[in-house]
Amino acid sequence: MKQKLLLFLLSFFSFTFTHAQSFTYNGINYNVIDAANFYVEVDINPGFSGAANIPSTVVYNSNNYTVTAIGSNAFLIVMD
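Residues numbered from 1 in each chain as written. Predicted model: local features only at pLDDT ≥ 70, side-chain atom pairs only at ≥ 80, totals over all residues. Heavy atoms only, no water.

Caption draft 1: Just the nonpolar core, in detail. Counting 10 residues, the largest nonpolar core consists of Phe23, Ile28, Tyr30, Val32, Val40, Val42, Val58, Tyr65, Val67 and Ala74. Of the residues forming this core, the biggest block, 3 residues, is contributed by strand S2 (residues 28-34). Discounting residues that sit within four places of it in the chain, Val42 has contacts with Ile28, Asn29, Tyr30, Ile54, Val67, Ala69, Ile70, Gly71, Ala74 and Phe75. (Core = buried A, V, L, I, M, F, W, Y, C linked by side-chain atoms within 4.5 Å. Buried < 20%, exposed > 50% of the residue type's maximum accessible area, 1.4 Å probe, protein only. Helix = DSSP H or I, 4+ residues; strand = E, 2+ residues; numbered from the N terminus. Contact = heavy atoms within 4.5 Å.)

What follows is the structure in structure tokens.
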């Protein structure tokens, strides 16, 4: 029973840490959505202003990631 619980916890944390990775490239935040295939989406960018130049690929940790999506709230403007 303890071995199954330990295996579950290790699997859960491994999945969480490898799939919940974010980084910034040229002032834009990206979220890794598929680490095996090097796919990212544009993540939330609070306070961003101006024109956003979103390339088709970005580099992080010497890997080329393909930008496959722009998150639904990536450039959300919150009005007070």
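Caption draft 2: Layout of the side chain of Asn31. Turning to its location among the elements, Asn31 is positioned in strand S2. The class of Asn31 is buried, set by a relative accessible area of 18%. Among the polar contacts made by the side chain of Asn31, one reaches the side chain of Ser22 at a distance of 3.3 Å. When neighbours within four sequence positions are excluded, Asn31 is seen to be in contact with Gln21, Ser22, Tyr39, Val40, Glu41 and Asp43. (Polar contact = N/O pair within 3.5 Å; in protein donor to acceptor, adjacent residues only side chain to side chain.)

Caption draft 3: Quick peek at the pairing of S2. In this structure, strand S1 (residues 22-25) lies alongside S2, joined through 4 bridges in antiparallel fashion. Among the inter-strand pairings, Thr24 is bridged to a residue of S2, identified as Asn29. Connecting S1 to the next strand, S2, in antiparallel fashion are 2 residues, including Asn26 with a positive phi near 50°. As judged from the 4 bridges shared by S2 and strand S3 (residues 39-42), these two strands associate in the antiparallel manner. Bridged to Val32 within S3 is Val40. Here S2 folds back onto S3 in antiparallel fashion, the turn holding 4 residues, of which Phe38 has a positive phi close to 60°. (Pairing = 2+ DSSP bridges.)

Caption draft 4: Molecular detail of the packing of aromatic side chains. Within this structure, the stated rule accounts for 6 aromatic pairs. When the ring of Phe23 is compared with that of Tyr60, the centres are 4.2 Å apart and the planes differ by 5°; the resulting orientation is stacked. In this pair, Phe23 is assigned in strand S1 and Tyr60 in strand S4 (residues 57-60), connecting sequence segments 37 residues apart. Judged by relative accessible area, which is 6%, Phe23 ranks as buried. Taken together, the ring pairs in this structure connect Phe23, Tyr30, Phe38, Tyr60 and Tyr65 into an aromatic cluster. (Phe/Tyr/Trp six-rings, centres within 6.5 Å; stacked < 30°, edge-to-face > 60°.)

Caption draft 5: Here's a closer look at the sheet that holds strand S5 (residues 63-70). The 5 strands lie next to each other as S1-S2-S3-S5-S4, forming an open sheet whose pairing is mixed. The sheet terminates laterally at S1 and S4, the two strands that pair on one side only. Going across the sheet, the axis of each strand differs from the next one's by a mean of 45°, ignoring polarity. (Axes fitted to C-alpha atoms, helices over the stretch in contact; angles between N-to-C directions.)

Function cannot be inferred from these measures alone, as they are strictly geometric.
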